[in-house]
Amino acid sequence: GRDVSTFCDLTAAPPTIDFQGPNAYNFRFATMIRYEYTFPGQHFTLGAAAEMPSVSATYNEKFLKMRQRIPDFPIYVQYAWDEERSSHLRASAVFRNMYVRNAVVADNKSLFGWGVQFSGTIKVWDWLRLYMNGVYGKGITPYIQDLTGSGLDLVPDSSGEEISALTMWGWQAAARMNLSPRMWLSGGFSMAQVDHDDSFTLNDMYHQGRYIFGNIFYALTPRCTIGAEYLYGSRKNMNDVKGHANRINVQLCYHF
């Protein structure tokens, strides 16, 4: 069916009002076939899937877009602990075979993409919970929030004669503190980056983005929660041109 990608660790995301969340986190829906198995005792879980691919490349006159032929293959192993198994650490990987059309020789070209991720959430005390993930790979823009749809899975070189999958990575760390049974706050930092390659990068291409947030929530009633959040975001291009923005978010949430 269709679900959140198997490469995504849903409970490793900190609470934010911003729907996208930290820029190094990954969240995408995909049509898939997935199998998961939890061992007796519910400590270890294994998962594997074949998912419909989404390739975002930069094309030119020589290399053209074409329909992808092979699904993405994400896998993971997870270890959970405490009485409710609410703390866990997860190691994930994804393997991709990405196709482009070589218009000059009228043939198809495939390039290999891959990614690895370490993620999790840890309940330190009843009032403190930690969240984190780190991801690294080549040609994995669908699996890093800031890079989704950026055209950086595959990029031609400066001559336009060759095309390559770029190296990219990111990480995020955050914490939630419960101030009382009805009030909690959270904050964190996240960064995503595309590594520089003189042959395959342009001056205005994305190089690095940073994301800093802090928020507070209050439960007016068991069904109604209000919240406020501050976000700071910045972007730096390959030519070191930088920009930043500030945002205030507010939320009124009613559960029924």
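The structure contained in this document is the topic of the report that follows. From a predicted model like this one, the values you see are computed outputs, not experimental measurements.

Criteria and thresholds
Here, residues in each chain are numbered from 1, in the same order as that chain's written sequence. Restriction of local features to residues with pLDDT of at least 70 applies here, the model being predicted, together with a cutoff of 80 or more for giving and counting side-chain atom pairs; totals for whole chains, interfaces and linings are based on all residues. Excluding hydrogens and water, the side-chain values take into account all heavy atoms of the structure. Here a pair means two rings of Phe, Tyr or Trp (six-membered ring of Trp) with centres within 6.5 Å. Their orientation is stacked below 30 degrees between planes, edge-to-face above 60, and tilted elsewhere. Under the DSSP-based scheme used, a helix requires at least four consecutive residues in state H or I and a strand at least two consecutive residues in state E, with every element numbered from the N terminus. Whether a residue is buried, partly exposed or exposed follows from its accessible area with a 1.4 Å probe, protein chains only, as a fraction of its type maximum: under 20%, in between, or over 50%, in that order. In our convention, an over-ring charge means Lys NZ or Arg CZ found within 6 Å of a ring centre and within 35 degrees of that ring's normal. Whether two strands pair depends on DSSP finding at least two bridges between them.

## Focus: the packing of aromatic side chains
Logical step 1: Following the criterion strictly, the structure yields 13 aromatic pairs and no others.
Logical step 2: Here W171 and F189 contribute two aromatic rings whose centre-to-centre distance is 5.3 Å and whose plane-to-plane angle is 45°, an arrangement assigned as tilted. Pair noted here: W171 is in strand 11 (residues 167-180) and F189 is in strand 12 (residues 183-194), with a separation of 18 residues, a long-range link.
Logical step 3: A residue is classified by how much of its surface remains accessible, and W171, at 35% relative accessible area, is partly exposed.
Logical step 4: A centroid spacing of 6.5 Å and a plane angle of 20° characterise the contact between Y254 and F256, whose relative ring orientation is stacked. Accessibility assignment for this pair places Y254 and F256 in one class, exposed.
Logical step 5: An aromatic cluster is built from F19, F27 and F29, whose rings are joined through pairwise contacts.
Logical step 6: Against the face of Y99 rests R69, its NZ or CZ located 5.6 Å from the ring centre.
Logical step 7: Lying over the aromatic face of Y76, R90 brings its terminal NZ or CZ to 3.9 Å of the ring centre.

## Examining the pairing of strand 6 (residues 87-102)
Logical step 1: Note that strand 4 (residues 63-64) and strand 6 share two bridges and pair antiparallel. Bridge assignment links L64 to a residue of strand 6, and that residue is R101.
Logical step 2: Of the pairings in the sheet, the one linking strand 5 (residues 73-81) to strand 6 comprises nine bridges and is antiparallel in character. Within strand 6, the position partnered with Y79 by the bridge is L89.
Logical step 3: In this antiparallel pair of consecutive strands, strand 5 and strand 6, the connection spans five residues, and D82 shows a positive phi of 75°.
Logical step 4: Counted between consecutive antiparallel strands, the loop separating strand 6 from strand 7 (residues 107-125) contains four residues, among which A106 sits at a positive phi close to 55°.

Interpretation in functional terms is not warranted from these geometric data alone.
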